[in-house]
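Read off the chains here:
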Protein chains: 2
Amino acid sequence: MLGLMQDRPLLISSLLTHAETYHRENTIVSAPCEGGIVRSSWGETALRARQGAQALARLGVNPGDRVATLAWNTHRHLELYFAVPGMGAVLHTVNPRLFAEQLDYILNHGAAGVLAFDLPFLDLVDSLAPKLTHLRHKVVLTDAAHMPDGRDDLLCYETLLAAESGDLVWPAFDERTASGLCYTSGTTGDPKGVLYSHRSTVLHAFLCCQADGLHLSRADSTLLAVPLFHVNAWGIPYASAMCGAKVVLPGPKLDGQSLYELARAEECTFSLGVPTVWIGLFKYLEDAGIDPALLPFQRLLIGGSAAPRALLQRFHDAGIHAFQAWGMSETSPVATVATLLPHHRELPRDQQIDVLARQGRAMFGVELRIVGEDGADLPHDGSVTGELMVRGPWVTSGYYGGVGGDVLDGEGWFATGDVARIDSEGFVTLTDRSKDVIKSGGEWISSIELENAALGHPAVEAAAVVGVAHERWQERPLMLVIRKPGGSATAQDILDFLAGKVVGWWLPDDVVFVDNLPLTATGKLDKKVLRKQYINHLITAETGA
Amino acid sequence: MLGLMQDRPLLISSLLTHAETYHRENTIVSAPCEGGIVRSSWGETALRARQGAQALARLGVNPGDRVATLAWNTHRHLELYFAVPGMGAVLHTVNPRLFAEQLDYILNHGAAGVLAFDLPFLDLVDSLAPKLTHLRHKVVLTDAAHMPDGRDDLLCYETLLAAESGDLVWPAFDERTASGLCYTSGTTGDPKGVLYSHRSTVLHAFLCCQADGLHLSRADSTLLAVPLFHVNAWGIPYASAMCGAKVVLPGPKLDGQSLYELARAEECTFSLGVPTVWIGLFKYLEDAGIDPALLPFQRLLIGGSAAPRALLQRFHDAGIHAFQAWGMSETSPVATVATLLPHHRELPRDQQIDVLARQGRAMFGVELRIVGEDGADLPHDGSVTGELMVRGPWVTSGYYGGVGGDVLDGEGWFATGDVARIDSEGFVTLTDRSKDVIKSGGEWISSIELENAALGHPAVEAAAVVGVAHERWQERPLMLVIRKPGGSATAQDILDFLAGKVVGWWLPDDVVFVDNLPLTATGKLDKKVLRKQYINHLITAETGA
């Protein structure tokens, strides 16, 4: 027997309409690529999103069609976040930092007829366009004054909007309709597209607004330091519409100074981004002699990759409640959030930071388990590690176009490729990507824990640990270290420092000092490159000794 | 094109499984009818709910069947909140304070085969049972030691549970499946059943856990002073499972002393209930000479009927953030919540209380409008009043069994029967039930605003305003007042007091002092009775003058 409740779909357009109705005046601040600051509001965003949807329809975009973007965090990109899914089309955000061949592949695979992009990406688009067989329209996210001369092939976003009335009633449709498409930068095989739905997006927004979730609220002014092309900017644009929060969009400038100044000017209470961004912020503050206590944030989410404990510590020293969360493109992305339990509030601050440095606990809707190599369940005892499996209404069921085939097991679980342990309270601690796990004589060594331990050494700026070939143990850990300017630690110093902090047989077989470490297009350590480069390091070393 | 996200239904059983997994140890405190305090946990609640579902299946309960309760707020009733919908059956909570003929009607209409009840309701059940033709099993919510002697017709809840393993996997089914049934105590016609679904219940729980909603969190210890038979206890049991909050269930004792002592003992941070309960609490504190600042609550929701501003003020004087929300059985029930906007935080406290004394703003998912008698939209300008219309995924689409026919208009709006104004920020202020509106010469007078104004007079304990017959104006307001003990105001004193507070033509034509006011079974003023009693009051008075 079915209940007798209204059958109203969960749609992204209703998020925007809610913001327009109840938070009309609250501010959207944007630092677009052409410079300056543009102040608008949820009311204007709603109007311009309707105009955008009308313009896209006029360009021939139909429900189900993809609209691609290569763009920074600006008000115009935010408007497309609502305009495209609102009309029933699919917003395909593309990371402009990817390699050209990845961009080719992703844009062709997504097959958008319209590509909207920021002016600084014009050369990139020109180089890509000849291979984009589906592409019919190129829209520059700028105004007429900034349009390149003599380019009849380009459309101007502001001109398109100005031609429309905004007098549109958002269509209603099945809440399972596709709304967004993000490709994961696959480390093996081609990139794969995760296809979000209106339902998954709205449910995920509820998570972000929960008191024990990200606690996003109307009182927040959120500095969006995670790009709109990075897994829906972690769902914050949609959650912000749900609660009417102020959104501050830094445009292309994610350097420490720009973020600091914008956060101060807009009295940002909350921000979120990957560790690299925050390391850059603290470096700026240090160089400029600015007291971190002047940062206006109350809360700060570090995600995307495991946050060094020292980074969390620096925020807490500045009076900012920094915490971690875990997720991935395939989980919309937020799956776990590190929140203090009531009994943690009694602990000394250092121990609280230990809690917040873990990847957190599953929010309602997300189911987690860890399994061994045989697929059998492993206990949640805080010591056993296994591959993390996830299930829930905002978790992927398969990739766009069927790439990768069936990705769920018989009971609907998705294998994350992350290796983790889960403690009795449900806190997840990631220890590795399954492909990065170091298998030494059949036992697993966690590269992440070695790296985090090394980051506690005062001379270490960055560290990466990879498994490299070893004649006896098949694989042994090798640590690459970037020293801080003026830092003078030797390999033995580092090993001595690590000795009490990890079990003896985990200690790296060697420590190599480097000037930089390779990063992927999304700013994560590219261990594939390191492994390739150093695969014979221990063998050569031994042979050469 | 549909998205590629997992098709996992939103089910009440997943709320409980989440609580069991992540909040296993957190406490459920219960004061059952047989006396004493029972402490259990979300883990035990989950186990016992599974045992309960097994026991109900053994009694022949099938998916879709109704299981009725006549019970106070205890751990056993809470367990049924999960056991019954978890197995796909429908929990039909019945208000034991209703009149016998209403109980007859409701229980027969719901047609539950199993009725679970607290021991104090045995006589009531015995008097009802002969007429309940569908009733097959009567389950007493107690243990073997407290079972009545010589009653082979009764089953013991604890004995039923003890016979079961709890080894049950909750079934999966369509999230639109019916989960709960509550009858509204109709003031016209027969009571009508609102049939909730798993989907509506889970979405409503998300609302309760939002930072800008009820802010329910793991850190809360919630004194559930609203009965479990009153619109799902405003959704708190389900929201508490979602976030793992501690729940404190006061059993049959809702008097001021019991609530105060339980709240103190369990360090309750949050509570919610109707105004009557809180008026009783303050009366106890006053009589006992207890400083209200000793109340442990941080937040307190007053709902069910409009809260007198003076009551909110008393809580705020005690350092407790009391606020209003609005909803009804047909809205699950929470639709609007009075939360301060950032700019309100600058206001003096008195003006903040004015904000919190309104019925609040719609949460995401709830759409509101006000319409005139012709059904046309009225402006949200804070002055025009009209009937409040509501739409959303946790709003009713029709009553159980088709009673009342179509209840939605062509665009899916439900007419609430409440009259309200909505200001430009979206704050709703209820001015009347549409049936209580006083139409004086074609203009509307708000009985609620007159009552609230009168409650500001130091000698007024309670006030009710009804429209009674008037030869010239068709209807004019008559005010009934209960004086405080020792209060000596005259009718003219009250009218003088009101004079500056409402427009002149709203002033009641007479003020009558009474010893008590009739209440409905849910503790609201029964204006139907008052109107009947006083309908000729002004006509008689004039004739007799």
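Whatever comes next refers back to the structure up there.
Everything numeric here is computed off the predicted structure, so don't read it as measured data. (Residues numbered from 1 in each chain as written. Chains lettered and ligands numbered in written order. Predicted model: local features only at pLDDT ≥ 70, side-chain atom pairs only at ≥ 80, totals over all residues. Heavy atoms only, no water.)

S.K.: Please clarify how the nonpolar core should be interpreted in this entry.
M.R.: The nonpolar side chains of soluble globular proteins are, as a tendency, buried together. By size, the foremost hydrophobic cluster in this structure holds 308 residues, and its most contacted members are A:Phe82, A:Phe315, A:Leu368, B:Phe82, B:Phe315 and B:Leu368. When neighbours within four sequence positions are excluded, B:Leu368 is seen to be in contact with A:Tyr22, B:Trp326, B:Thr336, B:Ala362, B:His380, B:Leu388, B:Met389, B:Val390, B:Trp413, B:Ile422 and B:Val428. (Core = buried A, V, L, I, M, F, W, Y, C linked by side-chain atoms within 4.5 Å. Buried < 20%, exposed > 50% of the residue type's maximum accessible area, 1.4 Å probe, protein only. Contact = heavy atoms within 4.5 Å.)

S.K.: Sorry, what's going on with helix H11 (residues 309-317) of chain A here?
M.R.: Within H11(A) the residues assigned to the buried category are A:Leu311, A:Leu312, A:Gln313, A:Phe315 and A:His316. Following H11(A) by one or two positions, A:Gly319 has its phi on the positive side, about 80°. (Helix = DSSP H or I, 4+ residues; strand = E, 2+ residues; numbered from the N terminus.)

S.K.: Help me out: how do you make sense of the pairing of strand E25 (residues 510-513) of chain A in this one?
M.R.: Each regular strand displays side chains that alternate between the two surfaces of the sheet. All names here are of chain A. As paired strands, strand E24 (residues 474-483) and E25 are joined by four bridges and run parallel to one another. When the bridges of E25 are listed, Val-481 appears paired with Phe-513. Once you follow E24 into helix H14 (residues 491-499) and on to E25, the crossover reads as right-handed. (Pairing = 2+ DSSP bridges. Right-handed = clockwise from strand over helix to strand, strands pointing away.)

S.K.: Would you mind showing me how to read the interface of chain B and chain A here?
M.R.: Accessible area lost upon the coming together of the parts serves often as the stated size of an interface. With 69 residues of chain B at the contact, the number on the chain A side is 69 residues. Ranking the residues of chain B by area buried against chain A places B:Met5, B:Gln6 and B:Phe364 at the top, with a combined share of 16%. Counting across the chain B and chain A interface gives four salt bridges. Where chain B packs against chain A, one counts 31 residue pairs in polar contact (both at pLDDT 80 or more). Every element with two or more residues in the side of chain B that touches chain A is listed here: helix H1 (12-22), strand E9 (192-197), helix H7 (198-209), helix H8 (236-243), strand E16 (361-362), strand E17 (367-371) and strand E18 (386-391) of chain B. Here the side of chain B that touches chain A gets six residues from one element, more than from any other, and that element is H7(B). Tallied by class, residues from the side of chain B that touches chain A come to 36 nonpolar, 19 polar and 14 charged. (Buried area = accessible area lost by both parts, 1.4 Å probe. Salt bridge = Lys/Arg side-chain N within 4 Å of Asp/Glu carboxyl O. Polar contact = N/O pair within 3.5 Å; in protein donor to acceptor, adjacent residues only side chain to side chain. Nonpolar A, V, L, I, M, F, W, Y, C, P; charged D, E, K, R; others polar.)

S.K.: Just checking my understanding: could you explain the packing of helix H1 (residues 12-22) of chain A against helix H2 (residues 42-58) of chain A for this structure?
M.R.: Angle between the axes and distance between the axes are the two parameters that describe a pair of packed helices. All names here are of chain A. Contact pair H1 / H2: the axes reach a minimum separation of 8 Å and the direction vectors enclose 140°. Judged by the inter-axis angle, H1 sits oblique to H2. As for the relative orientation of H1 and H2, their crossing is left-handed in sense. Residues Leu-16, Ala-19 and Glu-20 of H1 touch H2, and the partners they reach there are Trp-42, Gly-43, Thr-45, Ala-46, Ala-49 and Arg-50. Partitioned by chemical class, the residues of the contact of H1 with H2 number five nonpolar, two polar and two charged. (Axes fitted to C-alpha atoms, helices over the stretch in contact; angles between N-to-C directions. Parallel < 35°, antiparallel > 145°, perpendicular 65-115°, else oblique. Left-handed = near helix turned anticlockwise from the far one by under 90°.)

S.K.: Can you walk me through the side chain of B:Thr93 in this structure?
M.R.: On the secondary structure map, B:Thr93 appears in strand E4 (residues 90-93). The exposure class of B:Thr93 is buried, given its relative accessible area of 3%.

S.K.: In this structure, what is going on with the packing of aromatic side chains? I would like to understand it.
M.R.: Aromatic rings in a pair are described by how distant their centres are and how their planes are angled relative to each other. One pass over the full model with this rule turns up 23 aromatic pairs over all chains. Taken together, a centroid distance of 5.3 Å and an interplanar angle of 75° make the contact between A:Phe82 and A:Tyr238 edge-to-face. With A:Phe82 in helix H3 (residues 75-86) and A:Tyr238 in helix H8 (residues 236-243), this pair connects stretches of sequence that are 156 residues apart. There is no split in this pair, since A:Phe82 and A:Tyr238 are both buried. Cluster of aromatic residues (ring-pair linked, three or more members): A:Trp42, A:Tyr81, A:Phe82 and A:Tyr238. Note that A:Arg361 overlies the ring of A:Phe427, its terminal NZ or CZ placed 5.7 Å from the centroid. Taking NZ or CZ as reference, B:Lys501 lies 3.7 Å from the ring centre of B:Phe497, over its face. (Phe/Tyr/Trp six-rings, centres within 6.5 Å; stacked < 30°, edge-to-face > 60°. Lys NZ or Arg CZ within 6 Å of the ring centre and 35° of its normal.)

S.K.: Honestly, the relation of the copies chain B and chain A in this entry has me stumped. Any pointers?
M.R.: A rotation about an axis combined with a shift along that same axis relates the two copies of the chain. With an axial shift of 0.0 Å and an RMSD of 0.1 Å, the rotation relating chain B to chain A amounts to 180°. The transformation relating the two chain copies, once decomposed into turn and shift, fits a two-fold axis. When the interface residues of chain B are mapped onto chain A, 100% of them again lie at the interface, so the same face is used by both copies. (Least-squares fit on C-alpha atoms with pLDDT ≥ 70 in both.)

This is a description of form; function is not addressed.
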